[in-house]
Amino acid sequence: MQMASENPSVAICLFRNDLRVHDNEALFTANQKGKFLLPLYCFDPRHHAGTYHFGFPKTGCHRLRFLLESVTDLRIKLQSMGSNLIVRLGKPEDVIAELVKNLNLQNNVAVVIQKEVTEEEVKVEQDIRSKCRIPLLTVWGHTLYHIEDLPFEPKHLPDVYTEFRKKVEDNLPVRKLINLPVQLNPLPMGIDQGLIPTFPDFGFSVPDRDPRSAFPFIGGESSALQRLNDYFWVTDNVSTYKETRNGMIGTNFSTKFSPWLAHGCLSPRKIYWELKRYERERASNQSTYWVIFELLWRDYFRYVSLKYGNKIFFSGGIKNEPTQWKTNHQHFKAWQEGRTGVPYIDANMRELAATGFMSNRGRQNVASFLTKDLQLDWRLGAEWFESLLIDHDVCSNYGNWLYSAGIGNDPRENRKFNVVKQGLDYDGDGNYVRLWVPELAAIKSGKVHCIWTLSNTQLQAGGVLLGQTYPNPIIVAQEWSRHVNRPSSSTSTGASSGKGKKRSSGSQKSLEHQGQYPGQKRGLDFYFSHTNPR
């Protein structure tokens, strides 16, 4: 899309999910277009209201911390380049309109922004055009493979990931990194940089950092690039990624790039070209390829969102399949709080609540448990993840939940995880469960995964009283019985030791928080008192 004004006096670079300097086409373009550069970030109040159907806080305390850290780091980066980050609390269309008015820029300003694909974000772009009545240029920047390089129109995107991958990975070049100048154009005169808000501004107290977390890192481009260097060049962990990626405990079983990717602190092309250098200089194997394989999944879900639009948010998903989801509030609350009585599920859900992070293996299992075992609406899980995950990306989150619910891009019918088998496969000795479910800490070996099958003597020896110190399982699937007597395995991925710590309630808002927009007939109470709302 071309900008109506080719040489504006001031070019506003509106940052959203691209909180970095390296390989940032929006920043590069804005710096080229205008005599003055105005980098801008808006804390949009709509991002801190309630989720669409169920009213969970849209940005929970853990992601808020990561965001604040990322914005702070971006400001420091820009200051080192002779610029600054202007920060405002408000809707971007309102903030820009006020800036244009106060600086008398009506005929001498343009906005450059990274293009989004989902409705709420696209509407911001539309509102800037309609309300501010100034030129706006969008650039593509989220994906490894650029949209203009695809061998098909987005509407013809294959509905199976493997077909997409085969069409692109060996046939398309990955574009080179965009290098910005050492010094950026100056800011326009007379503009206040604005304060970066703090937790109380959003109704939160500062959350504790849990020492058990598999993601102890901070937000921002600086931390992202340090992690990239450490994971590739310092530890060589990337060379064993495929073997370790299903781990559960510690910082190095997986790349941990996803929170930085979601906030745009790290470019996928930066990962790709650094990986190619690593393959030339150190090692090229299945593990190094698998990092690219996972980046392609991220691309795919973004293009799925572009193809199907709001269908990714509908009950029947992109397949538009009518599904009679159950409406058991107590089951959902047990899942939400990590009190299902199924230790592997509970451990993962408690880790999420305490840290904002959960492993990929954990996400697949808790999603399958919610949608296939409890048969609850997948959107409950998607919105809860949206609230809590530090790496929430709307396309990847909803795409993965659709996949898990069987109404997305999974070519297999009725895929269901046996969560007991999965727990024994990936946490064979139960160390992960004991780390996050400390009331089971004295139950040794993998038998902790099947706590309800233990004798009273075994339970008493472990200080467990089912139904009192730890819940009875809210459901026991028939297929679990095939694995309850399986011997433990000390070689299970992620079965490293860890000392448990009792989880604090934290500063996350109440689980009953509704956060509804005025007049909305949404939220948990409404949902569970009515069957199957859209």
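Remember, predicted model here, so these are calculated numbers, not experimental data.

J.: Hey, could you run me through the environment of Ser80 in this one?
T.: Position of Ser80 relative to the elements: it lies in helix H2 (residues 61-80). The exposure class assigned to Ser80 is exposed, which follows from its relative accessible area of 53%. Distance from Ser80 to Val182, taken between C-alpha atoms, is 8.8 Å for residues 102 residues apart in sequence. For Ser80, the side chain forms a polar contact with the main-chain oxygen of Lys77, separated by 2.6 Å.

J.: Looking at this structure, how should I read helix H5 (residues 161-168)?
T.: Residues lying three or four places apart along an α-helix face the same way, a consequence of the helix completing one turn every 3.6 residues. For H5, the complete set of buried residues consists of Tyr161, Phe164, Arg165 and Val168. Taken end-on, H5 shows its buried residues confined to a sector of 100 degrees, consistent with a single buried face. Those residues of H5 that are buried are in contact with helix H10 (286-308).

J.: What is the right way to look at the pairing of strand E5 (residues 136-139) in this model?
T.: A regular strand places its side chains on the two faces of the sheet in alternate fashion. Here E5 shows a buried face lined by Leu136 and Thr138 and a second buried face lined by Leu137 and Val139. For the crossover that starts at strand E4 (residues 109-114), traverses helix H4 (residues 119-132) and ends in the parallel E5, the hand is right-handed.

J.: Please clarify how unusual backbone geometry should be interpreted in this entry.
T.: Here the phi dihedral of Lys256 falls at roughly 65 degrees; this positive angle occurs in a residue that is not glycine. For Lys256, the location among the structural elements is in the loop between helix H7 (241-244) and helix H8 (258-262). Judged by relative accessible area, Lys256 falls into the buried class, the value being 2%. Phi angles above zero are rare outside glycine, and Asn320 is one such case at about 55 degrees.

J.: Which parts of the structure should I look at to understand H2?
T.: Over its 20 residues, H2 extends 29 Å from the first C-alpha to the last, a length consistent with the 28 Å expected when each residue adds 1.5 Å. H2 sits mainly inside the fold: 15 of its 20 residues count as buried. Positive backbone phi, at 80 degrees, marks Gly82, one or two positions downstream of H2.

J.: Explanation requested: the sheet that holds strand E3 (residues 86-89) in the structure shown.
T.: Sheet strands associate in pairs through backbone hydrogen bonding, adopting either a parallel or an antiparallel arrangement. The strand order E3-E2-E1-E4-E5 describes an open sheet built from five strands, whose pairing is parallel. Each edge of the open sheet carries a strand with a single partner, namely E3 and E5. Neighbour-to-neighbour, the strand axes of the sheet open up by a mean angle of 25 degrees, direction not taken into account. Relative to strand E2 (residues 36-43), strand E1 (residues 10-15) is paired through six bridges, and the arrangement is parallel. Note on E2: the bridge partner recorded for Ile12 is Leu38. Lying on the sheet, helix H1 (residues 25-33) is in contact with E1, E2, E4 and E5; it crosses E1 at an angle near 170 degrees. Relative to E2, H2 is tilted by about 170 degrees, and along the sheet it contacts E1, E2 and E3.

Rules used throughout
Positions within a chain are numbered from 1, following the residues in the order the chain's sequence is written. A pLDDT threshold of at least 70 governs which residues receive local features in this predicted model, and a stricter bar of 80 or more applies before side-chain atom pairs are shown or counted, although totals over entire chains, interfaces and linings include all residues. Derived side-chain values reflect all non-hydrogen atoms in the structure, with water molecules and hydrogen atoms excluded from consideration. Strands are runs of DSSP state E lasting at least two residues, helices are runs of H or I lasting at least four, and both sets are numbered from the N terminus onward. Each residue's exposure class comes from its accessible area (1.4 Å probe, protein chains only) as a fraction of the maximum for that residue type: buried when under 20%, exposed when over 50%, partly exposed otherwise. In protein, a polar contact means a hydrogen-donor-capable atom and an acceptor-capable atom, both N or O and within 3.5 Å, with residues adjacent in sequence counting only if both atoms are side-chain atoms; elsewhere, any N or O pair within 3.5 Å suffices. Within this analysis, the arc is defined by the directions that extend from the helix axis to the C-beta atoms. Contact criterion: two residues are considered in contact whenever any of their non-hydrogen atoms come within 4.5 Å of each other. Viewed with both strands pointing away, a crossover whose connecting path from the first strand over the helix to the second turns clockwise is right-handed. Between the first and last residue of a helix there are one fewer steps than residues, each counted as 1.5 Å, and that sum is the expected span. In this description, strands pair whenever DSSP reports at least two bridges between them. What counts as an axis is a line fitted to C-alpha atoms, over the stretch in contact for a helix, and the angles between N-to-C directions run from 0 to 180 degrees.

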